[in-house]
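# Coordinates in review
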Amino acid sequence: MSSIASQARHIRTQMETRPKGLIQHVQRVLVEALDLAVCWEADPARVELATWGHDLFRAEKPGNLLRMAREIGISIEPADEAEPVLLHGPIAAAVLRDRFKVSDEESIAAVRDHTLGLAEMPLIAKIILIADKVEPNKRRRDPAMKAIRRIARRDLDTALLCWADWKWVQERTHHYTSHPQHWRARQQWVAEHHLDRAMPPRTPDDDAGGVAS
Ligand SMILES: [Fe+2]
Ligand SMILES: [Fe+2]
């Protein structure tokens, strides 16, 4: 079985056959992702592999994406039919596994879910999703990404939730529909955010039903 590093090199070679603008985007994402990997002590080799793989099929035409997804056996929701670009991550994940023999499940999840997110995501997937959204061109396009980039250095989960909030506003403003996978993820992130597990431990007085002050 080939190493993560040699798989990443192979995927990079493939990515470098794609349109120049897309390659440059991936290079910018890589800088962000490796920086976050240092912050959060993620494996840089896996982060690099997932970054080179995440947009392998981003430049494909909608009809091609739908055909490929059907051939691979990816389940296609009505929201994907309406916007086939959403399939580029799941298709890349399947191709990484089948053609590039990637077996690292966290890297595969990072590639698959980098567009919509998922309720439960491994660290690498959180890093790739955020890096993809806050690379310099996207920060220039939308200043909210600057704040999300800053938050990601303190708390990745809060950064994900802020991105989901931003996305929600975009979808409502422009009358886009929310993809069910993203909406489920968002609901989970909101629920986790409101859990009181980050609060100080309960004191005995709490359990004794003392009068609140
Ligand atoms: Fe993408
Ligand atoms: Fe991307």
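Before any of the text, the structure's been laid out above.
Here is what the cut-offs are and how they apply
- Residues numbered from 1 in each chain as written.
- Chains lettered and ligands numbered in written order.
- Predicted model: local features only at pLDDT ≥ 70, side-chain atom pairs only at ≥ 80, totals over all residues.
- Heavy atoms only, no water.
- Donors = N, O, S within 2.8 Å, 3.2 Å for Na, K, Ca; no water.
- Helix = DSSP H or I, 4+ residues; strand = E, 2+ residues; numbered from the N terminus.
- Buried < 20%, exposed > 50% of the residue type's maximum accessible area, 1.4 Å probe, protein only.
- Tetrahedral: all angles 85-135°; square planar, octahedral: opposite > 155°, others 65-115°.
- Contact = heavy atoms within 4.5 Å.
- Expected span 1.5 Å × (residues − 1).
- Arc of directions from axis to C-beta.
- Salt bridge = Lys/Arg side-chain N within 4 Å of Asp/Glu carboxyl O.

## Here's the deal with the coordination of the iron ion (ligand 1)
With distances of 2.1 Å, the protein atoms coordinating the iron ion (ligand 1) are Asp 55 (OD), His 88 (NE2) and His 114 (NE2). Counting the intervening residues between successive donors of the iron ion (ligand 1) yields the motif D-x32-H-x25-H. A distance of 3.6 Å spans the gap from the iron ion (ligand 1) to the iron ion (ligand 2), which Asp 55 bridges by coordinating each metal. Placement of His 88 in helix H6 (residues 88-98) and of His 114 in the loop between helix H7 (105-112) and helix H8 (123-134) is noted, with a sequence separation of 26 residues between them. For the pair formed by His 88 and His 114, the shared burial category is buried.

## With respect to the coordination of the iron ion (ligand 2)
Four donors placed tetrahedrally about a metal ideally form angles of 109.5 degrees, and six donors placed octahedrally ideally form angles of 90 or 180 degrees. In the first shell of the iron ion (ligand 2), the protein supplies His 25 (NE2), His 54 (NE2), Asp 55 (OD) and Asp 132 (OD), at 2.1 to 2.2 Å from the metal. Classification of the site at the iron ion (ligand 2) as irregular follows from its 4 donor atoms and the range of 85 to 177° in their angles at the metal. We note that the donor set of the iron ion (ligand 2) lies within a single chain, spaced as H-x28-H-D-x76-D.

## Notes on the side chain of Arg 139
Structurally, the position occupied by Arg 139 is in helix H9 (residues 136-141). Non-local contacts of Arg 139, meaning those with residues more than four positions away in its chain, are made with Glu 32, Val 134, Met 145, Lys 146 and Arg 149.

## Remarks on helix H12 (residues 180-194)
Along its 15 residues, H12 runs 21 Å from first to last C-alpha, staying within 8% of the 21 Å computed at 1.5 Å per residue. Every buried residue of H12 is listed here: Gln 181, His 182, Ala 185, Arg 186 and Trp 189. End-on view of H12: buried residues confined to an arc of 130°, all on one side of the axis.

## Here we look at the pattern of salt bridges
Side-chain pairs of opposite charge can arise whenever the charged atoms involved come near each other. Using the criterion set out here, one finds 17 salt bridges in the structure. Ionic pairing is found between Asp 35 and Arg 153, a salt bridge with its closest N-O pair at 2.6 Å. You can see Asp 35 sitting in helix H2 (residues 20-40) and its partner Arg 153 sitting in the loop between helix H10 (144-152) and helix H11 (156-173), a full 118 residues away along the chain. A relative accessible area of 34% means that Asp 35 is categorised as partly exposed. For Arg 153, a relative accessible area of 26% gives the class partly exposed. Linked by salt bridges that have partners in common, Glu 32, Asp 35, Arg 139, Arg 149 and Arg 153 make up one network.

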